[in-house]
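# An overview of the molecular structure
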There are 2 protein chains.
Amino acid sequence: MATFGDIGVAAGINILSALVFLIAFAILRLQPFNDRVYFPKWYLKGLRESPTHSGAFVKKIVNLDWRSYIKFLNWVPDAMKMPEPELIDHAGLDSAVYLRIYLLGCAMAFQQFLEWFNCFLSLFIKLNVSLLIQSMIQDMMDIFPLMCCMIVLSSTKFRFWTHTVMAYAFTFWACYILRKEYAIVSAMRLHFIASERRRPDQFTVLVKNVPPDPDETVSESVEHFFLVNHPDHYLTHQVVCNANKLAELVKEKKKKQNWLDYYQLKYSRNQLKRPMTKTGFLGLCGEKVDAIDYQTAEIERLSKEIAEESERVKNDPKSIMPAAFVSFKTRWAAAVCAQTQQSRNPTLWLTEWAPEPRDVFWDNLAIPYVSLTIRRLIASVAFFFLTFFFMIPITFVQSLANIEDIEKYAPFLKPIIEVPVIKSFIQGFLPGIALKIFLIVLPTILMLMSKFEGFLSISSLERRAATRYYIFNFVNVFLVSVIAGTALQQLKSFLHQSPSAIPKTIGVAIPMKATFFITYIMVDGWAGVAGEILRLKPLIIFHLKNFFVVKTEKDREEAMDPGSIGFNTGEPQIQLYFLLGLVYAVVTPVLLPFILVFFALAYVVFRHQIINVYNQEYESAAAFWPDVHGRIISAMVFSQLILMGLMSTKGAANTTPFLIALPILTIYFHKFCKGRYEPAFIRYPLQEAMMKDTLERAREPNLNLKGYLHNAYIHPVFKNEEDDEDDISPEKFEQESVLVPTKRQSRRNTPVPSKISGGSSPSLPDVVEESLLP
Amino acid sequence: MATFGDIGVAAGINILSALVFLIAFAILRLQPFNDRVYFPKWYLKGLRESPTHSGAFVKKIVNLDWRSYIKFLNWVPDAMKMPEPELIDHAGLDSAVYLRIYLLGCAMAFQQFLEWFNCFLSLFIKLNVSLLIQSMIQDMMDIFPLMCCMIVLSSTKFRFWTHTVMAYAFTFWACYILRKEYAIVSAMRLHFIASERRRPDQFTVLVKNVPPDPDETVSESVEHFFLVNHPDHYLTHQVVCNANKLAELVKEKKKKQNWLDYYQLKYSRNQLKRPMTKTGFLGLCGEKVDAIDYQTAEIERLSKEIAEESERVKNDPKSIMPAAFVSFKTRWAAAVCAQTQQSRNPTLWLTEWAPEPRDVFWDNLAIPYVSLTIRRLIASVAFFFLTFFFMIPITFVQSLANIEDIEKYAPFLKPIIEVPVIKSFIQGFLPGIALKIFLIVLPTILMLMSKFEGFLSISSLERRAATRYYIFNFVNVFLVSVIAGTALQQLKSFLHQSPSAIPKTIGVAIPMKATFFITYIMVDGWAGVAGEILRLKPLIIFHLKNFFVVKTEKDREEAMDPGSIGFNTGEPQIQLYFLLGLVYAVVTPVLLPFILVFFALAYVVFRHQIINVYNQEYESAAAFWPDVHGRIISAMVFSQLILMGLMSTKGAANTTPFLIALPILTIYFHKFCKGRYEPAFIRYPLQEAMMKDTLERAREPNLNLKGYLHNAYIHPVFKNEEDDEDDISPEKFEQESVLVPTKRQSRRNTPVPSKISGGSSPSLPDVVEESLLP
């Protein structure tokens with residue numbers, strides 16, 4: 001068990017490394033040649049120009065103004081200065097609300113801290129002063145971990161009551177601020193949505209699972225369905241094409257074009273020598289040819305292929321997916337269509353809010369309903385195995401990668417390996433590398449799983465991946481650290497233990513692990529966050545790219561990797577700190593200041609990063625808040641169960657019944673919040689929609705909405721194409737939608753009625769449709 | 001343990017009593033004086049007239065036609081003859097689908113039976129014939145319970161595989177027919193709804209939690225809100241009044257009126273003596289007065305009170321509840337409004353489908369949102385205590401009610417009690433009576449709980465009570481019988497056992513209890529169902545009432561107590577048999593024929609009762625099916641876990657992993673069904689609504705819908721009143737709804753804006769509203 005000294009050393013090292021990171025950042029950010037690394041957001045917004053364009057050469061690279069170094073910590077007030085509304089405007093609501101999670105953490109940890117302080121103070125004044133001082137002094141003298149959990153380990157009855165009262169106080173306080181925060185965030189979301197300017201997704205609904213019709217194309221089928229069922233509101237629609245291959249080709253063409261630019265630049269500088277290239281893999285092998293000619297030919301070939309593929313996608317019915325973006329004349333009608341069931345068969349004509357165009361995940365738009373259930377099942381089973389059995393292949397790889405085996409199968413390496421330094425390095429390095437690689441690729445694996453499950457927007461993919469990452473962390477970081485045993489062993493022991501024994505096992509282990517988690521917070525939290533602001537990896541990669549790869553100005557733009565918040569990895573990390581805070585708040589409050597420091601530091605750092613670095617990939621208007629809230633609640637319930645387990649082992653079984661109300665109250669609090677605030681995140685109130693519609697009608701009575709929506713939900717590949725052609729003439733779109741004569745043959749004349757006609761009875765819809773048609 | 005002989009005796013007794021019941025019924029139903037007991041449904045429908053009105057006096061009471069006695073079992077084909085569509089027409093979809101549950105039970109039990117038969121047959125032919133015969137003969141010679149569970153108790157590995165294969169076969173078969181049944185029922189429901197004639201609830205939405213407005217009444221507030229947010233569709237509305245006191249008064253007046261009729265009849269028969277009555281409790285004590293004068297005075301007093309109360313309810317704003325039934329011009333608009341969120345604040349302006357008028361539970365219409373969450377919490381906690389701790393007060397009552405105590409506290413009873421016959425009767429009777437009374441009032445307690453929870457329709461009250469009753473039965477009948485220990489003891493042992501030990505404990509006990517459950521099925525199932533058709537209690541009560549209470553013809557109508565299906569008690573009982581069937585199907589197939597007989601018998605009996613006896617209280621269009629389906633699924637998962645537990649104890653742990661996929665597949669099957677079919681039970685597709693609207697518009701272009709809907713959702717008390725007055729003139733209702741000038745004061749002139757204005761920002765809605773108003 002670590003002593004006070006050990007903790008001190010660890011704290012020293014970590015504080016030092018955090019400080020080093022912060023100072024390094026403060027200096028590096030002032031150097032002009034790092035400008036694109038530390039302020040990419042402003043470049044992307046077009047608000048900042050490359051400082052390398054003007055001034056002396058040295059000044060372009062190194063900042064020689066000594067005054068700026070004095071104020072090197074200025075970035076902190078800079079980051080804090082921007083007010084929230086401006087931040088929302090600058091980086092989107094998602095980012096602003098994401099920062100509020102850190103603030104929430106600060107508030108919770110700080111209040112818990114204060115309550116303990118009050119508690120001690122009041123004890124000090126009112127009760128048993130001498131006894132408390134005595135025991136405190138005695139505890140102080142003790143080794144550190146015992147001090148951490150002194151209150152639990154000594155079994156004065158009075159102290160158990162303190163813990164019980166504290167548990168209630170924390171729960172009520174936590175619920176109070178969680179409710180307040182949920183209310184604020186949902187109000188922010190509604191206000192954001194209400195004050196937004198016109199956006200295509202406000203008018204548009206994504207329709208999936210359009211049933212196949214033998215007589216009509218998907219486009220006609222969609223048009224007829226919505227003309228019949230939303231006659232006063234339907235405006236236009238856009239079918240979804242499978243343009244994945246086309247997108248591939250366009251990407252390839254762009255790359256070749258870039259190479260061509262590079263070679264032409266090279267040739268124009270040195271007219272004597274035509275640049276040459278090799279046709280093989282990465283230009284490293286194969287026949288040597290004239291580079292400019294080769295690239296020109298390649299581009300021509302690709303252009304032709306793209307034109308062919310584009311034609312094929314547009315005309316081949318097989319590449320039309322049974323899904324469409326349907327737009328309505330008013331927000332009201334879109335809100336109605338998104339929230340209602342259209343067809344008798346609830347697996348056909350599924351409607352949901354269209355994500356914003358840049359948030360759409362195009363590949364998943366055509367997964368049929370039955371397949372979705374199966375995919376979800378497979379993903380859950382796979383995730384279960386990933387969580388509990390991932391150690392098996394890693395252990396297997398580790399057992400393969402030992403020095404003896406390497407020497408056996410690759411004897412020529414023997415002389416090198418046998419060098420003592422290299423040998424010890426390999427021995428220390430190899431066993432860990434498989435695990436390390438796995439942990440690095442884990443978020444990617446989880447994102448792939450979410451993609452496989454068939455989510456339709458990038459934001460929902462990230463939300464699902466975040467949930468899974470949190471569970472993985474909970475099992476494989478938190479529980480494994482606490483109980484010391486792999487997840488699989490835990491699973492086994494939990495299956496064979498009684499439900500009341502599990503909280504006891506964990507509860508008893510919790511106070512013992514306080515020192516470990518303090519170290520963890522300092523390494524992963526403090527130093528990790530300080531490392532985040534330094535952006536060492538993007539810094540190095542940018543300069544490497546700038547040196548070796550960057551051929552054109554466009555390349556430099558692309559070498560600048562601003563990254564994004566990374567909700568799928570960032571949020572689960574925060575949640576781990578919430579979990580630690582809640583679990584330790586009652587038992588070992590010494591952990592609280594460490595968590596408080598983490599939240600405060602992370603808030604400042606991420607505020608800076610969001611303002612200056614991260615690029616916003618999509619705007620989901622804080623759709624992730626219910627997840628965040630739910631995970632905090634589950635951590636609360638977990639901590640309460642653990643506390644009950646701990647109490648019952650410490651000879652305080654008589655207080656346990658007083659704690660049983662806590663999880664029940666917390667779960668009902670969650671239910672209440674779910675009912676009260678969650679609808680703001682999944683539904684769109686008609687009142688709101690009607691209000692915006694009415695205002696817009698008053699302001700812009702002659703708006704050409706059809707023109708506005710025409711190209712909004714076209715596949716990004718076509719979008720670029722059509723933007724170039726710019727063939728959108730307003731006269732082309734009549735304000736009134738017209739009835740398209742149906743190509744559907746009258747069923748009454750066909751001898752055998754077609755069986756696939758939307759799941760509804762084949763005769764009735766025809767009657768209705770025909771009664772509406774001229 | 002019961003032997004083959006014991007079972008035989010039990011079977012004999014129960015079959016005999018069932019036969020006695022059936023024969024008694026067959027004879028009694030032919031007697032004309034029982035006609036109102038056995039055919040009340042036809043009286044209620046007005047399709048049958050009292051046979052006592054015509055013919056000789058003896059013939060009125062006893063059936064002397066000997067031929068009808070020969071065909072005394074004719075009721076069975078009679079009950080089976082009515083085809084399903086006619087049954088739906090006659091008794092409603094709820095009843096028809098309710099019968100399908102029995103059919104489903106038959107199908108499942110029969111198929112399980114067949115599969116075992118096949119299995120044995122194929123074994124017999126293909127495998128190890130001599131060995132099997134040997135063991136079968138040996139088993140046959142064995143005592144009965146061992147025969148029941150022979151396959152499990154003998155541990156040939158081959159036989160474990162048989163069980164595993166059987167478990168899979170049963171699961172797939174069960175899923176197959178469950179899916180088919182779900183599809184059929186949801187199609188029946190949709191067809192029923194689609195083919196229904198015009199009903200008020202198709203156009204109407206129930207709006208709850210109308211926010212208070214200082215400037216407007218609830219009625220005005222509702223009208224304005226819907227005129228603004230559904231401008232093209234809003235038709236009319238009906239606010240909900242708290243008329244509970246008024247209903248009470250009306251009921252009292254009716255009773256007095258009935259007494260008056262009785263006394264007047266008595267006086268007209270015997271003009272010599274004015275009938276007298278006492279004014280006190282039940283006419284048994286108090287001053288003696290002239291009965292006719294007294295009742296006339298009472299009626300006059302009540303009439304005045306009713307008029308006053310009615311006036312008060314209509315005008316006092318305090319008796320107007322913040323809820324309203326809002327009707328729309330089309331079904332489409334009602335479907336839209338019911339499925340969407342109206343206001344920013346999701347706890348205000350809550351909309352849901354209006355139940356049909358007779359299904360509304362008026363008392364619960366004004367419970368605010370926050371209170372609902374708390375009520376639900378209290379009800380769950382109360383139900384938990386009811387389930388696990390109900391034995392405590394009963395044991396307490398039992399301990400009080402022993403003979404010594406009675407003798408001690410009421411010594412004057414001693415001589416009577418000391419008579420040996422009476423003493424032994426009391427000793428045998430007393431301990432059981434508290435439990436018996438509790439079990440009889442349990443469904444009423446559960447219904448009260450559901451009412452307390454705030455459900456708005458009688459059908460949903462019954463559904464919730466059914467769920468609770470099933471859980472109670474599962475814990476206190478099934479588990480208590482299997483494990484032998486009160487629910488509380490079980491709860492304790494389950495908390496301290498490992499999760500994998502619980503299925504083992506239950507699994508091992510299951511085969512041992514086969515004989516007990518066979519007896520249970522015969523007593524509760526066979527004899528119970530046969531008793532149901534005899535209707536002994538209503539029969540006796542009807543004749544008693546007829547003899548003592550019935551004063552007028554109207555009373556006779558009321559003495560006839562048809563009862564109803566009683567979903568809240570009947571369905572949980574069926575579910576218990578599903579549970580038994582599923583649990584024993586794999587382990588002890590001997591139980592299957594008993595269950596099969598129960599389902600078949602119950603089907604015939606309840607079909608007869610539904611056609612001839614039960615009165616339909618409401619029509620929910622089979623809204624209960626998702627619950628039925630869910631409970632069967634949960635029984636399946638339970639049986640699979642039990643099987644796993646049993647297998648692992650019987651030295652067949654190696655087959656357990658093969659079984660683990662079963663519950664996972666079953667749960668995902670449930671998820672699939674939920675997504676595929678459940679929406680048909682909770683949402684109303686727009687396509688369907690639009691179709692009906694279009695057809696209706698074509699058929700009846702000049703329909704006065706406002707007149708039709710005017711009185712549909714008025715409180716039943718007022719309804720009778722207004723029906724009498726019959727003041728509905730069609731001219732009174734204009735086809736076009738007009739804009740009502742708002743009484744709301746402009747906020748711009750008031751110095752402090754009112755804070756309670758619907759949760760949305762106070763300025764915007766006014767702008768919108770005023771822009772719409774002249």
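About the criteria used
Residues numbered from 1 in each chain as written. Chains lettered and ligands numbered in written order. Predicted model: local features only at pLDDT ≥ 70, side-chain atom pairs only at ≥ 80, totals over all residues. Heavy atoms only, no water. Helix = DSSP H or I, 4+ residues; strand = E, 2+ residues; numbered from the N terminus. Buried < 20%, exposed > 50% of the residue type's maximum accessible area, 1.4 Å probe, protein only. Contact = heavy atoms within 4.5 Å. Areas by Shrake-Rupley, 256 points an atom, 1.4 Å probe, with all protein chains shown as cover. Pairing = 2+ DSSP bridges. Axes fitted to C-alpha atoms, helices over the stretch in contact; angles between N-to-C directions. Parallel < 35°, antiparallel > 145°, perpendicular 65-115°, else oblique. Nonpolar A, V, L, I, M, F, W, Y, C, P; charged D, E, K, R; others polar. Disulfide = S-S within 2.5 Å. Buried area = accessible area lost by both parts, 1.4 Å probe. Salt bridge = Lys/Arg side-chain N within 4 Å of Asp/Glu carboxyl O. Polar contact = N/O pair within 3.5 Å; in protein donor to acceptor, adjacent residues only side chain to side chain. pLDDT = per-residue confidence, 0-100. Core = buried A, V, L, I, M, F, W, Y, C linked by side-chain atoms within 4.5 Å. UniProt positions renumbered as here; feature names shortened; annotations may be inferred. Patch = residues over 30% accessible without salt bridge, like charges linked within 9 Å, V, L, I, M, F, W, Y side chains within 5 Å.

### Structural notes on the overall build of chain A
In terms of regular secondary structure, chain A is built from 38 helices and six strands. Looking at chain A as a whole, 51% of its 774 residues are labelled buried. A sequence separation of at least 24 residues applies to 81% of the contacts in chain A between residues at least 6 apart. Counting only carbon and sulfur atoms, one obtains 65% of the accessible surface of chain A, whose full area is about 36,800 Å².

### Some points on the sheet that holds strand β6 (residues 350-353) of chain B
Residue and element names in this part refer to chain B. Within the open sheet, the four strands sit side by side as β2-β5-β1-β6. Their pairing is antiparallel. Of all strands in the sheet, those bounded by a partner on one side alone are β2 (234-241) and β6. The mean angle between the axes of side-by-side strands here comes to 30°, regardless of whether they run parallel or antiparallel. Note: β2 against strand β5 (residues 320-328), six bridges, orientation antiparallel. Directly across from H237, in β5, lies its bridge partner V326. The sheet contacts of helix α13 (residues 218-229) involve β1 (204-208), β2 and β5, and relative to β2 the element is tilted by about 150°.

### Description of the packing of helix α17 (residues 331-339) of chain A against helix α35 (residues 686-699) of chain A
Residues and elements named next belong to chain A. Put simply, α17 and α35 touch, their axes get as near as 7 Å, and they point 155° apart. What the angle tells us is that α17 and α35 run roughly antiparallel. Across the interface between the two elements, R331, W332, A335 and V336 from α17 touch L686, A689, M690, K692, D693 and E696 from α35. In terms of residue class, the contact of α17 with α35 is built from six nonpolar, no polar and four charged.

### Thoughts on the state of the cysteines
According to the stated counting rule, one finds zero disulfides over all chains in the structure shown. A disulfide-free cysteine, C337 of chain A has its sulfur positioned 16 Å from the sulfur of C337 of chain B, the nearest such atom.

### Focus: the interface of chain B and chain A
In many analyses, interface size is given as the accessible surface area lost on bringing the parts together. Contact residues are listed per partner, giving 57 residues for chain B and 58 residues for chain A. Here chain B and chain A share an interface that buries about 5,000 Å² over both sides, 65% of which is from carbon and sulfur atoms. Looking only at chain B, the three residues that lose the most surface to chain A are Q341, R344 and Q687 of chain B, adding up to 15% of its buried area. Among the ionic pairs, R344 of chain B bridges to E688 of chain A, the shortest N-O distance being 3.2 Å. Summed over the shared surface of chain B and chain A, the number is 18 residue pairs in polar contact (both at pLDDT 80 or more). A per-element tally of the side of chain B that touches chain A places helix α34 (residues 686-699) of chain B first, with seven residues.

### Here we look at the confidence of the model for chain A
Residue and element names in this part refer to chain A. Per-residue confidence for chain A averages 76 on the pLDDT scale, and 78% of its residues sit at or above 70. Across residues 140-155, confidence stays below pLDDT 50; counting only partners more than four residues off in sequence or on other chains, it has 37 contacts. Every residue in residues 744-774 scores below 50 in pLDDT, and together they form 41 contacts with partners more than four places removed in sequence or on other chains. ipTM for the predicted complex: 0.73, alongside a pTM of 0.78.

### What to know about the environment of P589 of chain B
Residue and element names in this part refer to chain B. Here P589 is to be found in the loop between α28 (567-587) and α29 (591-612). Here P589 falls in the buried class, since its relative accessible area comes to 12%. On a C-alpha basis, the gap between P589 and W116 in space is 7.6 Å, while along the polypeptide they are 473 residues apart.

### Details of the nonpolar core
By size, the foremost hydrophobic cluster in this structure holds 285 residues, and its most contacted members are F478 of chain A together with F478 of chain B. Here this core takes 14 residues from helix α7 (residues 84-126) of chain B, the largest share from any one element. Once you skip the residues sitting within four places of it in the chain, F478 of chain A turns out to touch N473, I510, F517, L576, L579, L580, V583 and F638 of chain A.

### What to know about the UniProt feature "transmembrane region" (unreviewed entry) in chain A
Residue and element names in this part refer to chain A. In the UniProt entry, the feature "transmembrane region" (unreviewed entry) is given for residues 7-28, 160-179, 377-401, 421-448, 469-488 and 576-606. Between the end C-alpha atoms of residues 7-28 the distance is 31 Å, and the span holds 100% helix and 0% strand. Helix makes up 90% of residues 576-606 and strand 0%, with an end-to-end C-alpha separation of 17 Å.

### Some remarks on a nonpolar patch on the surface
Taken together, the side chains of F412, L413, I416, V419, V421 and I422 of chain A make up a nonpolar region of the molecular surface, amounting to roughly 540 Å² of accessible area. Within the secondary structure, I422 of chain A is located in helix α22 (residues 420-453).

### Some details on unusual backbone geometry
All names here are of chain A. Look at W349: it is not a glycine, yet its phi comes out positive at around 50°. Turning to its location among the elements, W349 is positioned in the loop between α17 and β6 (350-353). The exposure class of W349 is buried, given its relative accessible area of 6%. Notably, A622 is not glycine yet its phi reads approximately 60°, a positive angle.

### Let's talk about the sheet that holds strand β2 (residues 234-241) of chain A
All names here are of chain A. Taken together, four strands build an open sheet; the order of strands is β2-β5-β1-β6 and the sheet is antiparallel. A strand with exactly one partner marks an edge of an open sheet, and here the two such strands are β2 and β6. Pairwise comparison of adjacent strand axes, ignoring direction, gives a mean angle of 30° for this sheet. Strand direction decides the pairing type here: strand β1 (residues 204-208) and β6, joined by four bridges, are antiparallel. The residue of β6 that forms the bridge with K208 is L350. Helix α14 (residues 218-229) contacts β1, β2 and β5 (320-328) of the sheet and is inclined by roughly 150° relative to β2. Against the sheet, α17 makes contact with β1, β5 and β6, and its axis sits at roughly 130° relative to β6, the strand it touches most.

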